[in-house]
Amino acid sequence: MRPMQVIAGTALLLWVCDYAVAQSDIFRVDETVLVSNSSPSTIIRDVAALPDGGVAYAGFAGSGDTSGIPVTTPFLDNPDCQSRCGFLRVLNSDGSVRGTEIYPDSLVADLALTPDGNLIVAGRAACLLDTPNFSTPGAAVTDCREGGWVQKRQLVDLELLWGTYVPGVMTLDTFPALAVNGTGDVFLAGQAGLERLSPTPNALLDSIPNPFGGNIGYLVRVSADGSEIPFSTYIGGPDGSVFIDVIIVECDRALIVGYSDLLEIIGAGAFRADADNFDGLALEVDTAAGMALRLGRFDGGANDSFFSVTGDLDGDIFVSGQKEPSDLEFAVDAFQPASPNGVSGFVVRLDTQLSVADGTYYSGTGFDGLIEIETLPNGNLVAAGTTFSLDLPVPQGGLIDYPPNSLQVDFSNRLDHLVILTPDLNSVVYGTYFGGIVPDPISNGNRNLVSGLSVGPDGAIEVSGATNNRDFPVFANSTDVGADSGFFGYAIRMEPSNLTIDGPGLLPAVAVNSPYSVQLTPLGTSAGIFALEGGALPPGISRSDTGLIDGTPTNIEELVLGAGANNFPLNISLTDPGTGERTLRRFQLRVADILVLNTLTPRDIGMEGASYSTDIAVSGGIPPFVWGGDPTTLPGGLTATVLFNGLRISGTPTEAGSFSIAVTVTDESNQVDSATIPLQITAAAPPPSPPAPPPPPSSGGGGGGAIGSLPTALLLILFGVANIRQRGICKLQSAR
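Calculation notes
Residues numbered from 1 in each chain as written. Predicted model: local features only at pLDDT ≥ 70, side-chain atom pairs only at ≥ 80, totals over all residues. Heavy atoms only, no water. Helix = DSSP H or I, 4+ residues; strand = E, 2+ residues; numbered from the N terminus. Buried < 20%, exposed > 50% of the residue type's maximum accessible area, 1.4 Å probe, protein only. Contact = heavy atoms within 4.5 Å. Areas by Shrake-Rupley, 256 points an atom, 1.4 Å probe, with all protein chains shown as cover. Core = buried A, V, L, I, M, F, W, Y, C linked by side-chain atoms within 4.5 Å. Pairing = 2+ DSSP bridges. Phe/Tyr/Trp six-rings, centres within 6.5 Å; stacked < 30°, edge-to-face > 60°. Salt bridge = Lys/Arg side-chain N within 4 Å of Asp/Glu carboxyl O. Axes fitted to C-alpha atoms, helices over the stretch in contact; angles between N-to-C directions. Polar contact = N/O pair within 3.5 Å; in protein donor to acceptor, adjacent residues only side chain to side chain. pLDDT = per-residue confidence, 0-100.

(A) Highlighting the overall build of the protein chain. Looking only at helices and strands, the protein chain has three helices and 45 strands in total. Looking at the protein chain as a whole, 55% of its 736 residues qualify as buried. For the protein chain, the share of sequence-separated contacts (at least 6 apart) that also reach a separation of at least 24 residues comes to 65%. Total accessible area on the protein chain stands at roughly 29,000 Å², and carbon and sulfur atoms take up 54% of it.

(B) Spotlight on the nonpolar core. Ranked by internal contacts, the top residues of the largest apolar core, which has 40 residues, are L418, F434, I461, I492 and M494. Broken down by secondary-structure element, the contributors of at least two residues to this core are β1 (27-35), β22 (368-375), β23 (381-387), β24 (415-421), β25 (428-434), β26 (448-455), β27 (461-467) and β28 (488-496). It is β24 that provides the largest number of residues to this core, a total of five residues. For I492, the residues in contact, after removing those within four places along its chain, are V29, E31, T32, L399, F434, I461, E462, V463 and F472.

(C) Fine view of the pairing of strand β10 (residues 177-180). The side-chain alternation of β10 yields two buried faces, one formed by A177 and A179 and the other by L178 and V180. One ladder, built from four bridges, connects β10 with strand β11 (residues 186-191); its direction is antiparallel. Its bridge partner lying in β11, A179 is registered against F187. If you look at the hairpin formed by β10 and β11, you'll find five residues sitting between the two strands, and G184 has a positive phi there, around 100°.

(D) The arrangement of the sheet that holds strand β44 (residues 657-666) in detail. Taken in spatial order, the four strands make up an open sheet running β39-β45-β44-β41, and their pairing is mixed. Whereas interior strands pair on both sides, the edge strands pair on one side only; in this sheet they are β39 (606-607) and β41 (626-629). Looking at chain direction, β44 and strand β45 (residues 672-682) are connected through ten bridges and run antiparallel. Of the residues in β45, the one forming a bridge with G657 is I681.

(E) Layout of unusual backbone geometry. Backbone torsion omega between P623 and P624 reads 5°, so that peptide bond is classified as cis. In this structure, P624 sits in the loop between β40 (612-619) and β41.

(F) Quick peek at the packing of aromatic side chains. Enumeration over the complete set of coordinates arrives at twelve aromatic pairs. Relative to W149, the ring of F134 has its centre 4.7 Å away and its plane inclined at 10°; by these criteria the two rings are stacked. Of this pair, F134 sits in the loop between β7 (119-125) and β8 (147-153) while W149 sits in strand β8, placing them 15 residues apart in sequence. Note on accessibility: F134 and W149 belong to one class, buried.

(G) Highlighting the pattern of salt bridges. The full count for this structure, using the stated rule, is 19 salt bridges. Between E101 and R153 there is a salt bridge, and its shortest N-O distance comes to 3.5 Å. In this pair, E101 sits in strand β5 (residues 97-104) while R153 sits in strand β8, placing the two residues 52 residues apart along the sequence. By relative accessible area, which is 23% here, E101 ends up partly exposed. Accessibility expressed as a relative area gives 5% for R153, which makes it buried.

(H) Examining the sheet that holds strand β34 (residues 541-543) more closely. The strand order across the open sheet formed by three strands is β31-β35-β34, and the pairing between neighbours is antiparallel. Looking at the sheet topology across the chains shown, the edges are occupied by β31 (516-519) and β34. When strand polarity is set aside, the average angle formed by the axes of neighbouring strands in this sheet is 15°. Pairing analysis gives four bridges linking β31 to strand β35 (residues 548-551), with the strands arranged antiparallel. Note on β35: the bridge partner recorded for Y516 is G551.

(I) Focus on the side chain of E495. Mapping E495 onto the fold places it in strand β28. A distance of 3.1 Å separates a polar atom in the side chain of E495 from a polar atom in the side chain of R493. For E495, the residues in contact, after removing those within four places along its chain, are I26, F27, R28, D30 and A460.

(J) Broad picture of the pairing of strand β4 (residues 84-91). Burial analysis of β4 places seven of its eight residues in the buried class, the great majority of the element. In this structure, β4 lies alongside β5, joined through seven bridges in antiparallel fashion. Pairing of C85 across the sheet is with P104, part of β5. Between β4 and β5, which follow one another and run antiparallel, lie five residues, and G95 among them has a positive phi close to 95°.

(K) The environment of L595, seen in detail. Along the polypeptide, L595 turns up in the loop between β37 (582-592) and β38 (596-597). The exposure class assigned to L595 is buried, which follows from its relative accessible area of 5%. Sequence-wise, L595 and V665 are 70 residues apart; in three dimensions their C-alpha atoms are separated by 8.7 Å. Excluding residues within four positions of it along the chain, L595 makes contact with V618, S619, G620, G621, F625, V665, T666, D667, Q671, V672 and D673.

(L) Inspection of the confidence of the model for the protein chain at higher detail. On average, residues of the protein chain score 78 in pLDDT, and 75% of them are at 70 or above. Predicted confidence is poor over residues 1-24, with pLDDT under 50, and the contacts of this stretch with residues over four places away or in other chains come to 84 contacts. This stretch, residues 266-273, has a pLDDT under 50; its non-local contacts, to residues over four places away or in other chains, come to 20 contacts.

(M) Molecular detail of the environment of S93. One can find S93 in the loop between β4 and β5. In this structure the C-alpha to C-alpha distance between S93 and L50, which are 43 residues apart in sequence, comes to 9.0 Å. The contacts of S93, once residues within four sequence positions are left out, are D52, G53 and G54.

(N) Broad picture of the environment of I43. Structurally, the position occupied by I43 is in strand β2 (residues 43-49). In contact with I43, other than residues within four places in its own chain, are A58, G59, F60, F87, L449, S451, G465, A466 and G489.

Right under this line is the structure:
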């Protein structure tokens, strides 16, 4: 296996290791960090898995001026924070704190490890009068100009080694992507907006083509000691562009990915995307020569975006992103060749010309995207994103292998997720959701936002983001448990392991007052110890350390999720007593109310030949419901259609009479109820008799009595003036 040539940013140091590591496809959740302060707006923007098993994470929180919310992590409750407060923290593998740094009135957006084992941190300064100085003597830029800053800090105690401002690289709404090359130089890519860089003489583009035409991308290189900026350029055309991630291909060459709706790359030849749609873009830039070397485009016919990029040991480039519907399909042997919905997450492999060589979707029928991607030591790819799909193809066995809010289907419920794919993009070997079913009291719906992903030399995965779920799956003794309401940042460490709990996360459902028994099975150990780390069992149900869950549920209370289901999320851990390893999985036990077919509502009386529809509802039970019965009991012309929580009888009856419709329903907890539904179809009314034919006209004159012989004056008396007007005779009157 040849040495690694692609240097990954955001803390994955593939370039320091020539991996030949066997790795399990099972991951155990080792530790969870939850961070919040007295503000309901905390996020862990980025995370770095450290070589010694520790973790560094960075982000920002509100100022702490929201009253009534308890402070659970005093390190964020800083009196110097007037608006937002950035933070950087380093933890040991046992959860103890190595160091914490607070950045008053600033945002911390990204971090990465350096070749000498320290940290690079990037953020945004508010440039207020009392904002601390983020630069050091001898820095490339020492005065704060509304925009970004970069610092290098020691990993052990976070002591500041150097810092410099980098004007223009961080706007209010965007964050820079960060990568470090083998000599320690720092590369930043992103969206400049109307901020002003200081383009260098070797820039691809030294000014914004159209200040009013949209935001524009940039690429900036900072020297390893922070003393100079050898390369700085705008990248884009008159209609704007955005770059979201960067990796180092060689020491001076950076590969950046993003999207644009209309783009002309200076120095890369003529290129135009569809004027009405976004295209995913990949661009390689030689920062020493000031040249754009390769440009690739991903255009499926609608809006497509490249979000994140990584490389593998063979020099292949993989990109994750999001695309809207089109007729674009990948190879038939891809894990998911066709887009299943309106907006899909995807992973593609780029060839030497940065064109799409192959790829796969990873999506359900909702709104999905893959925001971060990294390479694992065994060559597999790990990607993280967000989803509104309840049918994401998550394999069994992950932390959460079912959609936690599976009975809430509106767009206020967004879950994070993680997937591991083989490098041929044909198979998924691991997957999990992140999130819960209980939102905080002041937010509307369940909202999760993944924002950081990192892989350590041992294959451990760190994923970070923000959540408002109060039942986020964590160990009971996890670090910095969040506040009672609002958003808090999360960082989860997942290690490759053979230790897991077998079986699906959705436990078999049970009906109230019915006996129940489920035995959890350990994998990777013969004598595992089970523990309940979070959640509560239904009344009447108990558990043992051997993994037995049994009893008879009684006196259950109605929870939020409907259709008669009472959902009990359970965070269950498994510990190997021989090694001390433990893992966590989220299970859910659903207890159903008594299933009853609603036969009390009188059926409407239908009529033969007329459109008819009636719904047969159920109460209690757990969907999905399986309906049965005797179809021969339906009147001709009527059919049965299954609804989420009932059965619809509809159509146009072709026969009259009294009918008894036999219906049976079975729910997820194996409850069965049957009923005979009476239905009356009345006969169609007979057609009206045809009118009598008019008498033949009279052939005589005078008073023969025929209407045709009556004078106009008498017609007015017999039929009325109104009828005559309707027939136009009034015109004759007005003409007289």
